[in-house]
2 protein chains.
Amino acid sequence: MSGKLVEIDAAFVEKTVVELASFGAVGETGVSRTVYSPEWVGATDYYANACAEAGLEAYRDAVGNVWGKLPGSTAEKSIASGSHIDSQTPGGRYDGALGAVAALIAVKALKEQFGIPKRTIEAVAFCEEESSRFPNANYWGSRAITGRIRPEDPDRVIAFSGETIGQAMRDVGLDPARIPEAQRNDIDSFVELHIEQGPILEQAGLPVAVVDAITGIRQYRGEIRGVQNHAGAFPMDIRHDPLAGFTEIASGLIDTAHRVGRPAVTTVGRVLVEPNFPGIIPAKVEFSIDARHPNPQARRRLYDAHEGLMQEVARRRGLDIRWDVMLDHEPSQSDPAIVSMLQRVATEQGVPFLTMPSGAGHDSQQMAAIAKVAMIFVRSKDGRSHTPDEFSSIEDIVAGIRVLAAGLHALAY
Amino acid sequence: MSGKLVEIDAAFVEKTVVELASFGAVGETGVSRTVYSPEWVGATDYYANACAEAGLEAYRDAVGNVWGKLPGSTAEKSIASGSHIDSQTPGGRYDGALGAVAALIAVKALKEQFGIPKRTIEAVAFCEEESSRFPNANYWGSRAITGRIRPEDPDRVIAFSGETIGQAMRDVGLDPARIPEAQRNDIDSFVELHIEQGPILEQAGLPVAVVDAITGIRQYRGEIRGVQNHAGAFPMDIRHDPLAGFTEIASGLIDTAHRVGRPAVTTVGRVLVEPNFPGIIPAKVEFSIDARHPNPQARRRLYDAHEGLMQEVARRRGLDIRWDVMLDHEPSQSDPAIVSMLQRVATEQGVPFLTMPSGAGHDSQQMAAIAKVAMIFVRSKDGRSHTPDEFSSIEDIVAGIRVLAAGLHALAY
């Protein structure tokens, strides 16, 4: 279809985004929809119905991902697109959900405008990505598709409120013993559309990006212990104040990422002080570090610098420090041929774009274990995400879906 | 009695300390005894009984302070000693309670060994000093004695668990409307014995200190607001990360107090981050600053430096900062004549001592509004306080009580 524009119905896009957001709605624009909750059941039923109405073969797999399949004329491996249908608590309407909607609408448009493809095309709504109910779910939906959920995981992945993910599955009629049935070995390529969740497109004045890599992410849980004492009676020069050590470390880690420059990022987002009273030198500070870089060597140097600083400060100040790595995802590179193809079709569709790495983790990095992958980003207003204020314009979304549809066409027809 | 040793019964001291610690006991050595609690009622009854058994006129005043009076032969203003009977939750056996016990035992010893004084001598157990039930009680017991509790305070001082201090008073049979009756205008001098709560005496190898000033204390509640964003998708160079600003500020404040040197101290003891998730750049950091110096000019310079740093960092980083002063006590100087006298009698009693300011706040700084004041410190093991691990040896305590008794003798006989 080189040169031919894919037509996308903006009103239908808006209607679908708004209707999907009604499941777990919080206020005007917020959504709180954790995996296997009643709101989630509603949203997945809605998605399956929308797939069926679009003429796709809709089904829910063994872990709760919803698929809408447009069968191809050959037995070749299929082309898939989608994203997750769960949300932060609350998040917005677009994070994840937009990628599921975009896939559905792109496949529907291709079916209507180009007929039966050679390769089967599939739209998918992954059941879980946010870890907003189960902190260690670790891409539960896409991980099941890659066959990397271990038999013990359903009993070991525990919710913030204490229940296991296995129990939560049974509560919505899914049998955790059948998770292996969700595994797929017949997907050739996977293209995920997602909101950027950052300000780079907005600052560049562009609606869309082609994503050439997903950053490597490491999260540490650190703990510094000192000696609790009275804030007035203990001279500065003989204190072992873990808050003094923590603030020097956190300030230094952040400065390090600044000096390394884009795309390195380091965030300290969580801090717990004990006993946390104004008049008491603390006994303990617990903290998180989230450090990311898409380049494997630069990532290693960033982590080495962070760990070296923690050791040095703690030693100099006479504090006990320890840390655990809670999360460690290698960078994931997009397939170069798909990246080139998406750049080409974006140009053909008249959609201005830039090429960038993703600083957030995505289901695509899981799917990369079984398929060639790439992503498309849509501009986020003010770079906001994980909040009800998250917003992307319908114009930008339609531009993104047109690139997605043209890309799926290039891969499947 | 110049040169004559005051005899103090070490076994009786130990018995009294241990028995008083049974009210609100936590584990082997801890005490949790907030004002107007059942444990507090038990402790004040015990103290009143002990005063009566020592031959003192015991009574509870309108706010719940317990007094034990040894009437003098003249109508001159009286000499008083004591400290608070409430505790941290949990604290140890010695903070406050030891000063009440020391006063009782000193007056008992003087009565037994020197008979009727010229001036009335009074031992007192103040009802409240720790703010451990009512965060804004602000020296409730000694403040009532100075007449500085306002009529609206009983309804406005609110517990951590929500009740007013007026209601708590009524629950133990005290009428808040009668608080003004606790006011005293007939106290000439007040000498408070207290544990040091710091390591200075231990490091000096001395049992006792004469306290020549109580440090000035200011506590701030600060709040820094930035822009909440995704930890991965937002480049370092355009973040408004309140945690980055907070850690630079807190680290800088602590460094400032270090550079000023003893006796300046600055502590950041309380930190609350919102929303406090590893993968999210925070929206807000709330924090406390506790900064102290006993010299009025040096104190002013310390606060100016702290406030200047907060302004500078917030402006440079594009963060909103605000702070409230939650507590602001001017330094309180001990009466120079009483300090000299205590130094002299300590030497006469053969008790080695040093002279130092108090880095903690004490009832004495309230009592300074109506009487000449000074304090005596007793060595604290490892400088620990506000913990069940708090400990002072009976030998050190007896040395402190001998200085106290000799001081009261010098003032009253």
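Residues numbered from 1 in each chain as written. Chains lettered and ligands numbered in written order. Predicted model: local features only at pLDDT ≥ 70, side-chain atom pairs only at ≥ 80, totals over all residues. Heavy atoms only, no water.

Participant: How would you explain the relation of the copies chain B and chain A if you had to name every residue and give the values?
Facilitator: Superposition of chain B onto chain A requires a rotation of 179° combined with a translation of 0.0 Å along the rotation axis, giving an RMSD of 0.1 Å. Viewed as a symmetry operation, the transformation between the two copies matches a two-fold axis. Rotation axis and chain B: the residue whose C-alpha lies nearest the axis is Thr247 of chain B, separated from it by 2.3 Å. Comparing interface residues between copies, 98% of those in chain B also sit at the interface in chain A, which points to an isologous, same-surface contact. (Least-squares fit on C-alpha atoms with pLDDT ≥ 70 in both. Contact = heavy atoms within 4.5 Å.)

Participant: Residues and numbers for the side chain of Asp290 of chain B, please.
Facilitator: By the secondary structure assignment, Asp290 of chain B is in strand β14 (residues 284-293). Look at Asp290 of chain B and you get buried, because its relative accessible area is 0%. In this structure the side chain of Asp290 of chain B is engaged in a polar contact, spanning 2.7 Å, whose partner is the side chain of Gln219 of chain B. In this structure the side chain of Asp290 of chain B is engaged in a polar contact, spanning 2.6 Å, whose partner is the side chain of Arg292 of chain B. Residue contacts for Asp290 of chain B: discarding those within four places in its chain leaves Ala231, Pro278 and Gly279 of chain A together with Ile217, Arg218, Gln219, Val265, Thr266 and Thr267 of chain B. (Helix = DSSP H or I, 4+ residues; strand = E, 2+ residues; numbered from the N terminus. Buried < 20%, exposed > 50% of the residue type's maximum accessible area, 1.4 Å probe, protein only. Polar contact = N/O pair within 3.5 Å; in protein donor to acceptor, adjacent residues only side chain to side chain.)

Participant: Quick one: what's the story with the pattern of salt bridges, residue by residue and with numbers?
Facilitator: Under the definition given, this model contains 58 salt bridges over all chains. The shortest N-O distance in the salt bridge between Arg184 of chain B and Asp186 of chain B comes to 2.6 Å. Note on Arg184 of chain B: relative accessible area 8%, which makes it buried. Residue classification places Asp186 of chain B among the partly exposed residues on the basis of a relative accessible area of 35%. Taken together, the salt bridges that share partners define one network made up of Arg218, Arg299, Glu307, Asp328 and Glu330 of chain A. (Salt bridge = Lys/Arg side-chain N within 4 Å of Asp/Glu carboxyl O.)

Participant: Explain the nonpolar core to me, using residue names and the numbers behind them.
Facilitator: Within the largest apolar cluster, 80 residues are counted, with the highest numbers of intra-cluster contacts made by Val13, Tyr36, Tyr47, Val63, Trp140, Leu342 and Ile401 of chain B. Element by element, the count of residues in this core is highest for helix α3 (residues 97-114) of chain B, at 13 residues. Those residues within four positions of Ile401 of chain B in sequence are excluded, and the remaining contacts are Ile8, Val13, Ala102, Ile105, Ala106 and Leu193 of chain B. Membership of the second largest hydrophobic core comes to 78 residues, among which are Leu193, Val210, Leu342 and Val345 of chain A. (Core = buried A, V, L, I, M, F, W, Y, C linked by side-chain atoms within 4.5 Å.)

Participant: If you had to explain the UniProt feature "binding site: Zn(2+) 1" (unreviewed entry) in chain A to someone new, which residues and values would you point to?
Facilitator: All names here are of chain A. UniProt annotation of "binding site: Zn(2+) 1" (unreviewed entry) refers to His84, Asp95 and His194 when read in the numbering used here. In summary, the annotated positions, though distributed over 111 residues, converge in three dimensions, the widest C-alpha pair being only 9.5 Å. Structurally, Asp95 can be placed in the loop between β5 (78-84) and α3 (97-114). With sequence-adjacent residues up to four places away left out, Asp95 is seen in contact with His84, Asp86, Glu130, His194, Ile195, Gln197, Ser385, His386 and Glu390. In this structure, His194 sits in strand β7 (residues 187-195). Residues in contact with His194, not counting those within four places in the same chain, are Ser83, His84, Asp95, Gly96, His362, Met375, Ile376, Phe377 and Val378. Polar side-chain contacts of His194 include one of 3.3 Å to the backbone nitrogen of Gly96. (UniProt positions renumbered as here; feature names shortened; annotations may be inferred.)

Participant: Describe the UniProt feature "binding site: Zn(2+) 2" (unreviewed entry) in chain A, listing the residues and the values that go with them.
Facilitator: Residue and element names in this part refer to chain A. When the UniProt feature table is mapped onto this chain numbering, "binding site: Zn(2+) 2" (unreviewed entry) sits at Asp95, Glu130 and His386. A maximum C-alpha distance of 9.7 Å places the annotated residues, which cover 292 residues in sequence, within one compact spot. When its relative accessible area of 6% is taken as the criterion, Asp95 is described as buried. If you trace the backbone, Glu130 turns up in the loop between β6 (121-126) and α4 (140-145).

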